[in-house]
Amino acid sequence: MKITKLLKVGAVCSMLVLGFLVLSMTGNKVLATDTSSVLTKGALPLGSTNYAIPADAVFVSPSGSSGGTGTITNPVDTVARAQKIIQTEGRTIVLRAGTYHESLTKDTGAPMWDTGLTIQSYPGEEVWFDGSSAVTGWKKEGTAWVHDNWTIKFDASPTFTKGAPDFTAENWKNINPSYPMAAHPDQIWMNGKAMQQVESFNKLGLNKFYMDYATNKIYLGDDPTNKEVRASDLQIALSMDVPKITVRGVGIRRYAPSVPDLGAVRISEPATGSKLENVIITDSATSGLQISTADVTLQNVTVINSGLLGIGTNRAHNLKADKLYVANSNLENFNMSPIASGIKLSRSYSTVISNSKIVDNKSVGLWFDEDCYDATVVNNEISNNMSTGIAFELSSLAKIANNRINNNAGYGLHIFNSDQMEVWNNTLTGSPMSILIQQDSRKSEKDRYWAPHVYSKDISWYVNNIKISNNILGLPTKMASPWGGVVALRDETYQRTGNQMGVSLNGNVYYRTGLEGATTLVQWSTKTAGIKDWNSFTNLAAFRKATGQDSRSIEMTENSTPLNTNGFARYDIQQQASAVASPIKHAIAIASDLPSGEKFLGPTPNLLGNLDRVDAKQIIGWAWNPDEPTSISTNLKINIYDEQHVVVDTITTEANQYRADIQKAGFGSGYGGFAYTIDWNKYPKNKKYRVVVFAADDAGVYNPLPNVRYYAN
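Residues numbered from 1 in each chain as written. Predicted model: local features only at pLDDT ≥ 70, side-chain atom pairs only at ≥ 80, totals over all residues. Heavy atoms only, no water.

The subject of this paragraph is the overall build of the protein. Along the protein, the regular secondary structure elements total 7 helices and 56 strands. Looking at the protein as a whole, 59% of its 713 residues are labelled buried. (Helix = DSSP H or I, 4+ residues; strand = E, 2+ residues; numbered from the N terminus. Buried < 20%, exposed > 50% of the residue type's maximum accessible area, 1.4 Å probe, protein only.)

Structure representation (structure tokens):
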């Protein structure tokens, strides 16, 4: 199988292994707080978590015994045996360091497997579930090396239906003819490097292997002498199909699910209320994680190196996914439609994806497809994907705010037959088109059997009521689509103009760094006669005059980017926000931690500090300016808002207190902490106040820190 670009999981985003609690402060020194959850995208490095162990925990160790009692001094040797020991709900299985070669599914013979089970790593110990085994006994045969009697055979169906052929619709086939073995789950590694599967013996070569299913032989094109060769022999790592199961602090690698298996890890009905936390899923033959039940939480989860799909969902209502790291999906080179994605969601309501990195996937980054409703996508980086950054298709009601959606090979944001969308304060740059909005002839079916939810009646598959504000929209040199431009709106049924489609743009920044390669700024349906009457506007003034759109927006005419080196609005651009930007709506502010009523252009640099806590005496947090890495002080502004979102006080202070966690995390000298003493008595009693802290960058622009906090006096 795989040609893999392996990632150093421990360096996924921020190096942090810390998890301390603020206890006290003395002078200018602040004891460490839990910054790991603030900064890390994806799981913390394995072996760095420190989960409490309840008194009735059952212990498992690779060095345990089948007859163990499950105590810390007499552990069992497998998780499957640990299940049989559990007699009551709410028990915890603790895994000692090592590798577990198991497929965990519901054990109908276990005394208790109904609800509330937790599986976690022992504090400070590294735990892996591994779906591969070592393969030895190789012998030379001509120019190849062969292993006999390999009897593992996986299903290679190319769709979600076992035994069914590939899809037949044009541009809707799963298998790319150039990669005919994509759906075959076989995987082999030599000294940790993934090898590529080929379809015949005569195509063997370096870093390639061939499975001769008829003779039960594996052929390698490389000499395995004195090297470790591993091959996947298990398909499913974990099938969670009972309520309220928590798995945390473990890694899952080298499992070989077929496409119909849906994923190496499956959270299925009725596993409502289940949770993955600080879990790594890597080197899955097709899909890494599938969720098809409600009320699931993903917290600090890494899914990388998946053959087809990183994370898939279906009917995963009320999914809360925070601080994910999803990368290197579709390593098997399936066609990018209809399935391949970093994350693909379908028929799921009330989804939140926040503070995550969805990057470097050979596919769409984040794809909502068919009857998704009420999606919140905030504070993410969705970049460098080989297709569209975010696709929102045949769905309804979304808030997409404060994201960096940059350098995707397709569109930055593709809105397709969808409505009720708020697109605020994002950067959508470096792609052939920043935003494409399309309406085609597909119509929603009444009482769709797959969408019995009460919201299904509100999903119209009809472009309408889309507001696009405060975004930075731009193209790189010579990458403008010949028919699109920075923004394009197309009614392919030829029934409505752009304005009649209910799309509103204002308060945005447009730019093109290579004007000679981007003659069209906006393409807009302005008539109803057909495709030849779609108008292409070469500049913002012409577009504004013809449509009335973007009345306050600005277009940069110089051959440069409005972004600074950190990917946020330059000082001179942000200084124009008061005249250009729309005040941030309260609903957008609550969803994205942007300050309600304030005016900003593009996203705020919300990964450079945190508002940790607000209590009766202090406002506590940290801030660090990467443009001044050795600075020992950062200027702050604290806004106190009342229940009507009106500023009742603005406080100026500094972040200049030493915190060891900040220094150890690599953020300068560590002098970024603040603990402002506040007198709540000066504000009216029996009120709830909202606290937003702003930190100044090197140009003096104040940007809000992550986390809005509340205090009731």
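Turning our attention to unusual backbone geometry. A cis amide bond links glutamate 269 with the next residue in sequence, proline 270, at an omega value of 10°. Checked against the element boundaries, proline 270 lands in the loop between β20 (265-268) and β21 (275-284). Here serine 337 and proline 338 are connected by a cis peptide whose omega angle stands at 15°. Here proline 338 lies in the loop between β26 (325-329) and β27 (341-346). Positive phi, close to 55°, is recorded for asparagine 465, a residue that is not glycine.

Within this structure, the stated rule accounts for 13 aromatic pairs. For the pair tryptophan 680 and tyrosine 711, a centre-to-centre distance of 4.5 Å together with 20° between the ring planes defines the contact as stacked. Note that tryptophan 680 is positioned in the loop between β53 (671-677) and β54 (688-696) and tyrosine 711 in strand β56 (residues 709-712), a separation of 31 residues in sequence. Each member of the pair, tryptophan 680 as well as tyrosine 711, is classed as buried. Grouping aromatic residues by their ring pairs yields a cluster made of Trp680, Tyr683, Tyr689 and Tyr711. (Phe/Tyr/Trp six-rings, centres within 6.5 Å; stacked < 30°, edge-to-face > 60°.)

The next thing to look at is the nonpolar core. Ranked by internal contacts, the top residues of the largest apolar core, which has 83 residues, are Leu95, Leu276, Leu298, Leu366 and Val503. When sequence neighbours within four positions are dropped, the list of residues in contact with leucine 366 reads Ile343, Leu345, Ile353, Ile358, Val377, Ile382, Gly389, Ile390 and Ala391. Formed by 19 residues, the second largest nonpolar core is a distinct cluster that contains Ile638, Ile640, Ile678 and Val691. (Core = buried A, V, L, I, M, F, W, Y, C linked by side-chain atoms within 4.5 Å. Contact = heavy atoms within 4.5 Å.)

So, about the sheet that holds strand β22 (residues 287-292). Across the sheet, 12 strands lie side by side as β17-β20-β22-β24-β27-β30-β33-β36-β39-β42-β45-β46; this open sheet has mixed pairing. A single partner strand is all that each edge strand has here, and the edge strands are β17 (238-240) and β46 (534-537). For this sheet, the mean angle separating the axes of adjacent strands, direction not counted, is 10°. The pairing of strand β45 (residues 522-525) with β46 spans 4 bridges and is classified as antiparallel. Directly across from valine 522, in β46, lies its bridge partner phenylalanine 537. (Pairing = 2+ DSSP bridges. Axes fitted to C-alpha atoms, helices over the stretch in contact; angles between N-to-C directions.)

Across the two faces of strand β33 (residues 390-393) the burial is the same, with Ile390 and Phe392 and Ala391 and Glu393 all buried. Of the strand pairs in this sheet, strand β30 (residues 364-369) and β33 are connected by 4 bridges, and their pairing is parallel. Of the residues in β33, the one forming a bridge with leucine 366 is isoleucine 390. Pairing between β33 and strand β36 (residues 411-416): 4 bridges, direction parallel. For phenylalanine 392, the partnering residue across the bridge sits in β36 and is isoleucine 415.

Below, the discussion takes up the sheet that holds strand β11 (residues 188-190). Taking strand neighbours across the sheet as the criterion, the 4 strands line up as β8-β16-β11-β12 in an open arrangement whose pairing is antiparallel. In this open sheet, the two edge strands, each paired with only one partner strand, are β8 (132-134) and β12 (193-194). For β11 and β12, the ladder comprises 2 bridges, and the chain directions are antiparallel. What sits directly across from methionine 190, in β12, is lysine 193.

What follows concerns the side chain of arginine 91. Mapped onto the secondary structure, arginine 91 falls in the loop between α2 (79-85) and β4 (92-95). Reaching out from arginine 91, the side chain makes a polar contact with the backbone oxygen of aspartate 56 at a distance of 2.6 Å. With residues up to four places along the chain from it excluded, the contact list for arginine 91 reads Asp56, Val58, Ile86, Gly116, Leu117 and Thr118. (Polar contact = N/O pair within 3.5 Å; in protein donor to acceptor, adjacent residues only side chain to side chain.)

Checked against the element boundaries, glycine 221 lands in the loop between β15 (217-220) and β16 (229-232). Given a relative accessible area of 14%, glycine 221 falls into the buried group. For glycine 221, the residues in contact, after removing those within four places along its chain, are Trp145, Leu204, Gly205, Leu206 and Lys208.

Bridging between strand β49 (residues 618-623) and β53 involves 5 bridges; their strand directions are antiparallel. The partner of isoleucine 620 across the bridge, within β53, is alanine 675. Pairing analysis gives 2 bridges linking strand β52 (residues 657-658) to β53, with the strands arranged antiparallel. In the sheet register, tyrosine 658 faces β53, and the bridge partner there is tyrosine 671.

The topology assignment puts glycine 64 in strand β3 (residues 58-65). The exposure class assigned to glycine 64 is buried, which follows from its relative accessible area of 19%. Sequence spacing of glycine 64 and arginine 96 is 32 residues, and the spatial spacing of their C-alpha atoms is 9.6 Å. For glycine 64, the contacting residues outside a window of four places in its chain are Pro75, Val76 and Asp77.

With that out of the way, let us pick up the side chain of glutamate 598. In this fold, glutamate 598 is placed in the loop between α6 (586-592) and β48 (609-614). For the buried glutamate 598, no salt bridge is present, and the opposite-charge side chain at shortest range is lysine 637, 5.4 Å distant. One polar contact links glutamate 598 to tyrosine 641, side chain to side chain, over a distance of 2.8 Å. (Lys, Arg positive; Asp, Glu negative; His and termini not counted. Salt bridge = Lys/Arg side-chain N within 4 Å of Asp/Glu carboxyl O.)

Next up on the list: the pattern of salt bridges. Applying the stated criterion to the full structure yields 23 salt bridges. Between aspartate 148 and lysine 217 there is a salt bridge; the shortest N-O distance is 3.9 Å. Here aspartate 148, found in the loop between β10 (144-147) and β11, pairs with lysine 217, found in strand β15; they are 69 residues apart in sequence, far enough to count as distant. Using a relative accessible area of 27% as the deciding quantity, one classes aspartate 148 as partly exposed. Owing to a relative accessible area of 23%, lysine 217 belongs among the partly exposed residues under this scheme. Measuring nitrogen to oxygen at the nearest pair gives 2.7 Å for the salt bridge that ties lysine 585 to glutamate 422. Here glutamate 422 lies in strand β37 (residues 419-424) and lysine 585 lies in the loop between α5 (577-580) and α6, a separation of 163 residues in the sequence. Taken together, the shared-partner salt bridges connect Asp130, Arg253 and Arg254 into one network.

With that settled, the discussion passes to helix α3 (residues 540-547). Three or more residues of α3 are buried, namely Leu540, Phe543 and Thr547. On an axial view of α3, the arc spanned by its buried residues comes to 65°, and they lie on one face. Facing away from the buried side of α3 by more than 90 degrees, the exposed set consists of Lys545 and Ala546. On its buried face, α3 sits against β44 (509-512), β45, β46 and β47 (554-555). N-capping of α3 is provided by asparagine 539, with a side-chain oxygen placed 3.2 Å from the backbone N of alanine 541. (Arc of directions from axis to C-beta.)

The quantities given are spatial measurements derived from coordinates; they are silent on function.
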